[in-house]
Amino acid sequence: MRTIFHNIGSLQTMNDNSSITIGKSIVVKDNRIESIVESIEEFESSDAKLVDVGGRAIVPGFIDAHNHLIWAGDRFNEHNLRMQGHSYSEIAGMGGGIMQTVTSTRGRSDKELLSIGRTRLSEALRNGTTFVEAKSGYGLSTEHELRLLSVVNQLKSEKNLPSIHSTWMGAHAVTPDQTYESYTEEILSEQLPAVLDSRLAESADVFCEPGWFSIEQSEDILRASRRGGLDLRMHVDEFVDGGGGELAAELNVMTADHAHHTPMEVRIAMKEAGVITGFLPGTPYFNGDQWPDFNAVQEMAIPFSMATDFNPNCYTNSIPFIGSLAVQRNGMSPYDALYCVTRHAALSTPRSDRIEHGVIKEGAIANFNILKSRHWESWCMSPSNSPVHSICLEGEYIEF
Ligand code: NIG
Ligand code: FE
């Protein structure tokens, strides 16, 4: 079955050789892009379905390469504490933060968590996300981490939602009855083997930051995860330079995220090791932390992605909002910002079937956004309203 998308205002393919094209049409066959053609004449008498996009612009589907999808409750009350000058770690020390969310998440049934996850994925899709990396990490015991992973995996099979890469993040924090030493032991001897047996996770992630998992604990967990066949991701240098970036380079992890305090020489070492840096500007936006500067990183041609970091402390599932932060507050161009949430995000978060995504070209998965505007730059220019008119999701045309 073929579908032809024509009458495109501007087509931003993100394909390096032919980035912006005017007047071409996209031919979709099953779940892939078959070709990009000059004329649709040859299809007019065929049984192909023609979709007139009304002069609107088209960009690739966004890839959200860092998302803590499944948790319950909220922590909006913590904003008062931030206004009184309390830091993220102080709020966690007062019983807020991740632990508060673990308690509210453990109290919900699988069915409730499934419905929460479904709603969030629909919001993400409405905002143009066609692929999401979804972490566990609010269970913090073998039983509850497996439960969260299983919810993520049930969502994988549902229709009309973004596709999912599932990440186990049991090493996110510790419950009050444990120390980081005892919990790391438990992860290595019990939780990780159970996760591997379950085959519910594709990646492992660790919150490697002073006050959370140490360099040694992170290394032990990550090496064991790699031996078990998982891809590796890290949270590093979010609040201070804690040496996480160096470990990321040493282990050649797929992506080292936050990384706002990583020194330049370590960023270069990460680049040389093939590690993508994952910037998450939503987090300093919500925390009121020092604003990251991406200029030096761009000048050094260090490849970086951007993602939502959706979590109770960063409540957004909108990639266009993240793009808007980068464009309006960092002076990044809409093109460079789009590269971060498509091409670079695809490098850190490939599809498990290895079909190319984050780009509109022959053979790639047919994931693209038809924008409300005829200008492709509009993707990041309306942060409080979705810029997306309709979507082609793995070959299916979805109108909102
Ligand atoms: O990436 N920093 C660690 N994890 C999350 C926050 C989790 C939370 O506060 O609930 C993040 O920002
Ligand atoms: Fe995160």
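Worth saying up front: this structure is predicted, and the values here are computed from it rather than measured.

Participant: Sorry, what's going on with empty space enclosed by the protein here?
Facilitator: Rolled over the atoms, a probe sized like a water molecule indicates the empty space that remains. Throughout the structure, instances matching the rule amount to two cavities of 30 Å³ or more. A volume near 110 Å³ is recorded for the largest cavity. What lines the largest cavity is a set of 14 residues, and nearest its centre among them are Tyr88, His172, Glu238, Asp309 and Asn311. In this structure, the second largest cavity encloses a volume near 40 Å³. Lining the second largest cavity, in full, are Arg75, Glu78, Arg82, Tyr88, Ile91, Gly97, Asn287 and Asn313. Elements represented by at least two residues in the lining of the second largest cavity include exactly helix H2 (78–83) and helix H3 (88–93). Along the lines of polarity and charge, the residues of the lining of the second largest cavity split into two nonpolar, three polar and three charged.

Participant: Mind showing me how you'd approach helix H4 (residues 97–106) here?
Facilitator: One full turn of an α-helix is made of 3.6 residues, so residues set three or four places apart face in the same direction. Within H4 the residues assigned to the buried category are Gly97, Ile98, Met99, Thr101, Val102 and Thr105. Buried residues along H4 sit against H2, H3, helix H5 (110–126), helix H6 (142–156) and strand S11 (203–208).

Participant: Quick question: what am I supposed to make of the coordination of the iron ion (ligand 2) here?
Facilitator: Metal coordination angles have textbook ideals: 109.5 degrees for a tetrahedral set of four donors and 90 or 180 degrees for an octahedral set of six. On the protein side, the iron ion (ligand 2) has His66 (NE2), His68 (NE2), His235 (NE2) and Asp309 (OD) as donor atoms, found 2.1 to 2.2 Å from it. Taken in sequence order, the residues that donate to the iron ion (ligand 2) follow the motif H-x1-H-x166-H-x73-D.

Participant: Looking at this structure, I do not really get the sheet that holds strand S14 (residues 276–279). What am I missing?
Facilitator: Each strand in a sheet pairs with another by means of backbone hydrogen bonds, the pair being arranged parallel or else antiparallel. Here we have eight strands laid out as an open sheet, ordered S8-S9-S10-S11-S12-S13-S14-S15, and parallel in their pairing. The two strands at the open ends of the sheet, each matched to only one other strand, are strand S8 (62–67) and strand S15 (304–306). In this sheet, neighbouring strand axes are inclined to one another by 25° on average, regardless of whether the strands run parallel or antiparallel. In this structure, strand S13 (residues 255–258) lies alongside S14, joined through three bridges in parallel fashion.

Participant: Got a minute to help me understand the layout of surface pockets in this structure?
Facilitator: In this structure, the largest pocket occupies an estimated 350 Å³ of space. As for the largest pocket, its lining consists of 22 residues, and the residues nearest its centre are Glu238, His260, His261, Gln290 and Pro292. Elements that contribute at least two residues to the lining of the largest pocket include exactly H3, helix H10 (264–272), helix H11 (282–287) and helix H12 (295–299). By residue number, the principal contributor to the lining of the largest pocket is H11, which donates three residues. Residues that form the lining of the largest pocket fall into these classes: ten nonpolar, eight polar and four charged. Considering the residues around the second largest pocket, the lining is formed by 17 residues, among which Arg199, Ala201, Glu202, Gly229 and Leu230 are closest to the centre. Every element with two or more residues in the lining of the second largest pocket is listed here: H6 and helix H7 (180–198). For the lining of the second largest pocket, the residue count by class is six nonpolar, five polar and six charged.

Participant: I'm lost on the packing of H7 against helix H8 (residues 215–227) in this one. Help?
Facilitator: The packing of two helices is summarised by the inter-axis angle and the distance between the axes. The N-to-C vectors of H7 and H8 enclose an angle of 5°; their axes lie 10 Å apart at closest approach. By the criterion of interaxial angle, the relationship of H7 to H8 is roughly parallel. Listed contacts from H8 to Tyr180, Glu181, Thr184, Ile187, Leu188 and Leu192 of H7 are Gln217, Asp220, Ile221, Ala224 and Ser225. When the residues that make up the contact of H7 with H8 are grouped by side-chain class, the tally is six nonpolar, three polar and two charged.

Participant: How should I be thinking about the domain arrangement of the protein chain in this particular structure?
Facilitator: Where interface size is quoted, it is often the accessible area lost as the parts come together. Here the protein chain is described as being made up of domain 1 (2–60 + 358–399) and domain 2 (62–348). A C-alpha centroid distance of 30 Å is found between domain 1 and domain 2. Taken together, the contacts link 26 residues of domain 1 with 26 residues of domain 2. At the boundary of domain 1 with domain 2, total buried surface from both sides reaches about 2,200 Å², with 65% on carbon and sulfur atoms. By the criterion of area lost to domain 2, the three top residues of domain 1 are Met14, Trp379 and Leu393, representing 29% of everything that side buries. Connecting domain 1 to domain 2 are two salt bridges. A salt bridge links Glu396 to Lys159; the shortest N-O distance between them is 3.8 Å. At the surface where domain 1 touches domain 2, the tally comes to seven residue pairs in polar contact (both at pLDDT 80 or more). Sorting the residues of the side of domain 1 that touches domain 2 by element identifies strand S7 (58–60), strand S17 (388–393) and strand S18 (396–399) as the ones contributing at least two each. Top contributing element to the side of domain 1 that touches domain 2 by residue count: S17, with three residues.

Cut-offs and rules
Residues numbered from 1 in each chain as written. Chains lettered and ligands numbered in written order. Predicted model: local features only at pLDDT ≥ 70, side-chain atom pairs only at ≥ 80, totals over all residues. Heavy atoms only, no water. 1 Å grid on protein atoms, 1.4 Å probe; cavity = no way out; pocket = protein on both sides within 12 Å on 5 of 7 lines; lining within 4 Å. Points joined across faces, edges and corners; volume = space filled by probe spheres on them. Helix = DSSP H or I, 4+ residues; strand = E, 2+ residues; numbered from the N terminus. Nonpolar A, V, L, I, M, F, W, Y, C, P; charged D, E, K, R; others polar. Buried < 20%, exposed > 50% of the residue type's maximum accessible area, 1.4 Å probe, protein only. Contact = heavy atoms within 4.5 Å. Donors = N, O, S within 2.8 Å, 3.2 Å for Na, K, Ca; no water. Pairing = 2+ DSSP bridges. Axes fitted to C-alpha atoms, helices over the stretch in contact; angles between N-to-C directions. Parallel < 35°, antiparallel > 145°, perpendicular 65-115°, else oblique. Domains from an automatic or database assignment. Buried area = accessible area lost by both parts, 1.4 Å probe. Salt bridge = Lys/Arg side-chain N within 4 Å of Asp/Glu carboxyl O. Polar contact = N/O pair within 3.5 Å; in protein donor to acceptor, adjacent residues only side chain to side chain.

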